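One-letter residues, chain by chain:
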Amino acid sequence: MTWSEMQPLLEQACWDTLYMVGWSTLIAVVGGLPLGILLVLTDRGGLLQNLAANKVIGQVVNIARSLPFIILMVALMGFTRSITGTTIGREAAIVPLAIGAIPFFARLVETAVREVDHGLVEAVQSMGGNTWTIVRKVLVPESLPSLISSTTTTIVALIGYSAMAGTVGAGGLGDIAIRYGYQRFETQLMWITVAILAVVISVIQFAGDYAARSLHRRGAHSGPAPKLRLLKAAS
Amino acid sequence: MQLCPGTPTPAHSTVTETHVITTTDLTKVYRSRGREVTALDGVDLHVREGEVYGVIGQSGAGKSSLIRCVNLLERPTSGTVTVAGEDLTALAGRGPRAGRELRQARSRIGMVFQHFNLLSSRTVQDNVELPLEILGKSGKERSRKALELLDLVGLADKAGAYPAQLSGGQKQRVGIARALAGDPKVLLSDEATSALDPETTRSILALLRDLNRQLGLTVLLITHEMDVVKSVCDSAALMDNGRIVESGTVSELLATPGSELAAALFPLGGEASGEDRTVVDVTFQGESATQPVISQLARTYNIDISILGAAIDTVGGLQVGRMRIELPGRYEDNVVPIGFLREHGLQIDVVGAAEQTAALVKESAE
Ligand SMILES: Nc1ncnc2c1ncn2[C@@H]1O[C@H](COP(=O)(O)OP(=O)(O)OP(=O)(O)O)[C@@H](O)[C@H]1O
Ligand SMILES: [Mg+2]
């Protein structure tokens, strides 16, 4: 296979992967953020303490998380078809990807939000703030660096899942690696795929860490200059 | 509008007889995993308008529980809390959720915390604006008010800084500015200076004092340091094991025979030099401090008086003198000279006397 044959294939695959990962990340964040916050608020001593609800949400999240993605994907086929009209292709892959990532992200959000100093919550209560104010003005902004790290972790995990989805006809880089690299022994193409994945994941991880750290250090005394940190992380 | 912290404030006080904070028979019992802890055990607190009221006590005495019950961050198990004429305990709000009326009442009570509790994600100015956002003020009004308050606490130049860039004392100033944003009549302070060094503590206390004087702000502060009470409080209460064991204005306390708070506010050393000696603590306030009573005593009864220790200090803005003297003979032999001192308006505490004798002193005082 020549480069001119490979190039369009790889280009399409990259776009498919980004498309699947992008949408499923968005849905995971939109769904997982409130779920994670709710897990904290409904817990014992929480602002909306409701142990029954907490148990139920916690169980659902745990079960969804412990299910291997490939099984979740197969199990959700009927559901996927009812939403997208098909079980094949990148749109169809978004459904199990997003559903798998919501509980994953929710647990990370829960951990991040729990880290917020309770004194800040009390301070806002003493000003007359209600629970919604506390969520918007304290819990989310104060845990933002951790939330960004959690999002990075979720994106990286979703890239992995999307490759699995590729094996059942979702397209993307995983699909290329399987179809050409494994089934047709196009080793070169497979290695290029691996290299692309490695680069993409590194870039996302690096950008996420950088964003989280610069937010976290906000206002702290002169830390090492961003340039220096960039070099250090790259080396 | 800038207040210079540390400068002497006018001695006049704006204290009125109206009670702004009243708690009646307040109890708080924490239940966790079957164990019960009684943190407050029938606390009656009366804080007058315009005064700085200090509550002091050992760790675990229930001080924090008390102050947190005042704005109902902690719901009392029983009893009532009235702030500025409003019975807060009657305002709805089940469990940890506070109803609308209670939240509105809270917004009129400022609170400062030991660990400042500033949002690290916001600048100093945005931290001060937070209570105003909650009150639904417009952006323009918020920034005007925030800058004015930062100026008041001497941090006008730090508006754009983040809390992580400030020293502890500066953070507490931001905390105070934030607490004042809702124009409260009452400021609650839970160990606001406990995380600060002595110098910074003094400047923060001076700021609280100035705010109290200039804005007529009533301050209820919790502390475990006697120096805090000594330097800023008009009144004080001593808490032990969930109860208030002594309370009153500083001069009332100093005039109370056997008052633990008074003794702690104004410690004196010196032991009796022999068996048949009577050691007496004499407290002078105001007028009596200017009269040569001790030399009159020596002359009138022809006795030798040794002075074991003496000090003059300012407590709560009052000049107070205290002296520990030794008279020859047992207590029974000195009833007449001690009576003489009392007649001259001095407060007398017989030191180290048995319980019985103390009771005797009280009786004879009445
Ligand atoms: N949330 C809680 N749950 C259970 N027990 C509590 C709780 N808060 C306080 N207590 C208990 O109530 C008692 C009084 O505590 P409180 O914090 O009011 O004391 P304090 O006088 O403020 O002490 P310190 O000077 O150490 O701050 C203590 O025995 C404490 O263990
Ligand atoms: Mg405390």
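Residues numbered from 1 in each chain as written. Chains lettered and ligands numbered in written order. Predicted model: local features only at pLDDT ≥ 70, side-chain atom pairs only at ≥ 80, totals over all residues. Heavy atoms only, no water.

## Considerations on the domain arrangement of chain B
Residue and element names in this part refer to chain B.
Part 1 of the reasoning: Taken domain by domain, chain B holds domain 1 (19-108 + 184-254) and domain 2 (272-365).
Part 2 of the reasoning: Counting residues at the interface gives five residues for domain 1 and nine residues for domain 2.
Part 3 of the reasoning: Here domain 1 packs against domain 2, burying approximately 650 Å² in sum over the two surfaces, 58% of which is carbon and sulfur.
Part 4 of the reasoning: When residues of domain 1 are sorted by the area they lose upon contact with domain 2, Lys230, Ser251 and Leu254 head the list and together hold 76% of the total.
Part 5 of the reasoning: For the pair domain 1 and domain 2, the interface holds zero salt bridges. (Domains from an automatic or database assignment. Contact = heavy atoms within 4.5 Å. Buried area = accessible area lost by both parts, 1.4 Å probe. Salt bridge = Lys/Arg side-chain N within 4 Å of Asp/Glu carboxyl O.)

## Considerations on the interface of chain A and chain B
Part 1 of the reasoning: Taken together, the 25 residues of chain A in the interface contact 25 residues of chain B.
Part 2 of the reasoning: When the two sides are added together, the surface that chain A and chain B hide from each other amounts to roughly 2200 Å², 57% of it contributed by carbon and sulfur.
Part 3 of the reasoning: In this assembly, chain A and chain B are joined by two salt bridges.
Part 4 of the reasoning: Lys137(A) is the salt-bridge partner of Glu133(B), the closest N and O atoms lying 2.6 Å from each other.
Part 5 of the reasoning: Where chain A meets chain B, there are five residue pairs in polar contact (both at pLDDT 80 or more).
Part 6 of the reasoning: With seven residues, the top contributor of residues to the side of chain A that touches chain B is helix H6 (residues 118-126) of chain A.
Part 7 of the reasoning: Residue composition of the side of chain A that touches chain B, by class: nine nonpolar, 11 polar and five charged. (Polar contact = N/O pair within 3.5 Å; in protein donor to acceptor, adjacent residues only side chain to side chain. Helix = DSSP H or I, 4+ residues; strand = E, 2+ residues; numbered from the N terminus. Nonpolar A, V, L, I, M, F, W, Y, C, P; charged D, E, K, R; others polar.)

## Remarks on helix H2 (residues 51-66) of chain A
Residues and elements named next belong to chain A.
Part 1 of the reasoning: Between its terminal C-alpha atoms H2 stretches 22 Å, which fits the 22 Å expected from 16 residues at 1.5 Å a residue.
Part 2 of the reasoning: Within H2, the full set of buried residues consists of Asn54, Ile57, Gly58 and Val61. Buried residues of H2, viewed axially, fall in a sector of 100°; they line one side. Projecting away from the buried face of H2 at angles above 90 degrees are the exposed residues Ala52, Lys55, Val56, Val60, Ile63 and Ser66. (Expected span 1.5 Å × (residues − 1). Buried < 20%, exposed > 50% of the residue type's maximum accessible area, 1.4 Å probe, protein only. Arc of directions from axis to C-beta.)

## Comments concerning the pairing of strand E7 (residues 186-190) of chain B
Residues and elements named next belong to chain B.
Part 1 of the reasoning: Among the five residues that make up E7, five are buried, leaving the element largely enclosed by the rest of the structure.
Part 2 of the reasoning: Of the two faces of E7, the one carrying Val186, Leu188 and Asp190 and the one carrying Leu187 and Ser189 are both buried.
Part 3 of the reasoning: Where strand E6 (residues 109-112) and E7 come together, four bridges link them in parallel fashion. Note on E7: the bridge partner recorded for methionine 111 is leucine 188.
Part 4 of the reasoning: Where E7 lies against strand E8 (residues 218-223), five bridges are found, and the strand directions are parallel. When the bridges of E8 are listed, valine 186 appears paired with threonine 218.
Part 5 of the reasoning: The parallel pair E7 and E8 is bridged by helix H6 (residues 198-215), and the resulting crossover is right-handed. (Pairing = 2+ DSSP bridges. Right-handed = clockwise from strand over helix to strand, strands pointing away.)

## Details of the site of ligand 1
Residue and element names in this part refer to chain B.
Part 1 of the reasoning: Neighbouring ligand 1 are Tyr30, Val37, Ala39, Gln58, Ser59, Gly60, Ala61, Gly62, Lys63, Ser64, Ser65 and Glu191.
Part 2 of the reasoning: Measuring from an oxygen atom of ligand 1, one finds a backbone N or O atom of glycine 62 at 2.9 Å.
Part 3 of the reasoning: A distance of 2.7 Å separates an oxygen atom of ligand 1 from a polar atom in the side chain of lysine 63.
Part 4 of the reasoning: Contact with the protein chains covers 61% of the free accessible surface of ligand 1, which is 640 Å².
Part 5 of the reasoning: When residues of the shell around ligand 1 are assigned to their parent elements, the largest contribution, three residues, is made by helix H1 (residues 63-70).
Part 6 of the reasoning: Here the shell around ligand 1 is built from residues that sort into four nonpolar, six polar and two charged. (Near = heavy atom within 4 Å. Areas by Shrake-Rupley, 256 points an atom, 1.4 Å probe, with all protein chains shown as cover.)

## Some points on the packing of aromatic side chains
All names here are of chain A.
Part 1 of the reasoning: What the rule picks out here adds up to three aromatic pairs over all chains.
Part 2 of the reasoning: Each ring, one from phenylalanine 69 and one from tyrosine 161, has its centre 4.6 Å from the other, and the planes form 5°; the classification is stacked. Of this pair, phenylalanine 69 sits in helix H3 (residues 69-75) while tyrosine 161 sits in helix H7 (residues 131-170), and the two are 92 residues apart along the sequence.
Part 3 of the reasoning: Tyrosine 161 gets classed as partly exposed once you look at its relative accessible area, which sits at 23%.
Part 4 of the reasoning: Geometrically, the ring pair formed by phenylalanine 206 and tyrosine 210 is stacked, given 6.4 Å between the ring centres and 20° between the ring planes. With phenylalanine 206 and tyrosine 210 both in helix H9 (residues 187-216), this residue pair falls four residues apart, about one helical turn.
Part 5 of the reasoning: A cation sits over an aromatic face here: arginine 90 above tyrosine 19, 3.8 Å from the ring centre. (Phe/Tyr/Trp six-rings, centres within 6.5 Å; stacked < 30°, edge-to-face > 60°. Lys NZ or Arg CZ within 6 Å of the ring centre and 35° of its normal.)

## With respect to the UniProt feature "domain: ABC transmembrane type-1" (unreviewed entry) in chain A
Part 1 of the reasoning: As annotated in UniProt, the feature "domain: ABC transmembrane type-1" (unreviewed entry) corresponds to residues 14-212 of chain A in the numbering used here.
Part 2 of the reasoning: The distance from the first to the last C-alpha atom of residues 14-212 of chain A is 26 Å, and the span holds 85% helix and 0% strand. (UniProt positions renumbered as here; feature names shortened; annotations may be inferred.)

## Let's talk about the nonpolar core
Residue and element names in this part refer to chain B.
Part 1 of the reasoning: Counting 49 residues, the largest nonpolar core has Leu150, Ile176 and Leu180 as the members making the most contacts within it.
Part 2 of the reasoning: Apart from the residues within four sequence positions on either side, leucine 150 is in contact with Val124, Gln125, Val128, Leu155, Ala156, Ala159 and Ala177.
Part 3 of the reasoning: Formed by 33 residues, the second largest nonpolar core is a distinct cluster that contains Leu66, Val70, Leu73 and Leu102. (Core = buried A, V, L, I, M, F, W, Y, C linked by side-chain atoms within 4.5 Å.)

## Considering a nonpolar patch on the surface
Part 1 of the reasoning: A cluster of nonpolar side chains, Ile63(A), Leu67(A), Ile70(A), Ile71(A) and Met164(A), forms an exposed patch at the surface whose accessible area comes to about 410 Å².
Part 2 of the reasoning: Within the secondary structure, Met164(A) is located in helix H7. (Patch = residues over 30% accessible without salt bridge, like charges linked within 9 Å, V, L, I, M, F, W, Y side chains within 5 Å.)

## Focus on the UniProt feature "transmembrane region" (unreviewed entry) in chain A
Residues and elements named next belong to chain A.
Part 1 of the reasoning: Those residues carrying the UniProt feature "transmembrane region" (unreviewed entry) are residues 20-41, 62-80, 92-109, 155-182 and 188-208 in this numbering.
Part 2 of the reasoning: Between the C-alpha atoms that bound residues 92-109 there is a distance of 26 Å. The span itself is 100% helix and 0% strand.
Part 3 of the reasoning: Helix makes up 93% of residues 155-182 and strand 0%, with an end-to-end C-alpha separation of 25 Å.

## Digging into the sheet that holds strand E14 (residues 347-350) of chain B
All names here are of chain B.
Part 1 of the reasoning: As summarised here, the arrangement of the four strands in space is E12-E13-E11-E14, forming an open sheet in which the pairing is antiparallel. Each end of this open sheet is capped by a strand with a single partner; those strands are strand E12 (306-315) and E14. Along the sheet, successive strands turn relative to each other by an average axial angle of 20°, direction set aside.
Part 2 of the reasoning: Of the strand pairs in this sheet, strand E11 (residues 277-285) and E14 are connected by four bridges, and their pairing is antiparallel. In the strand pairing of E14, valine 280 is matched with valine 350. (Axes fitted to C-alpha atoms, helices over the stretch in contact; angles between N-to-C directions.)

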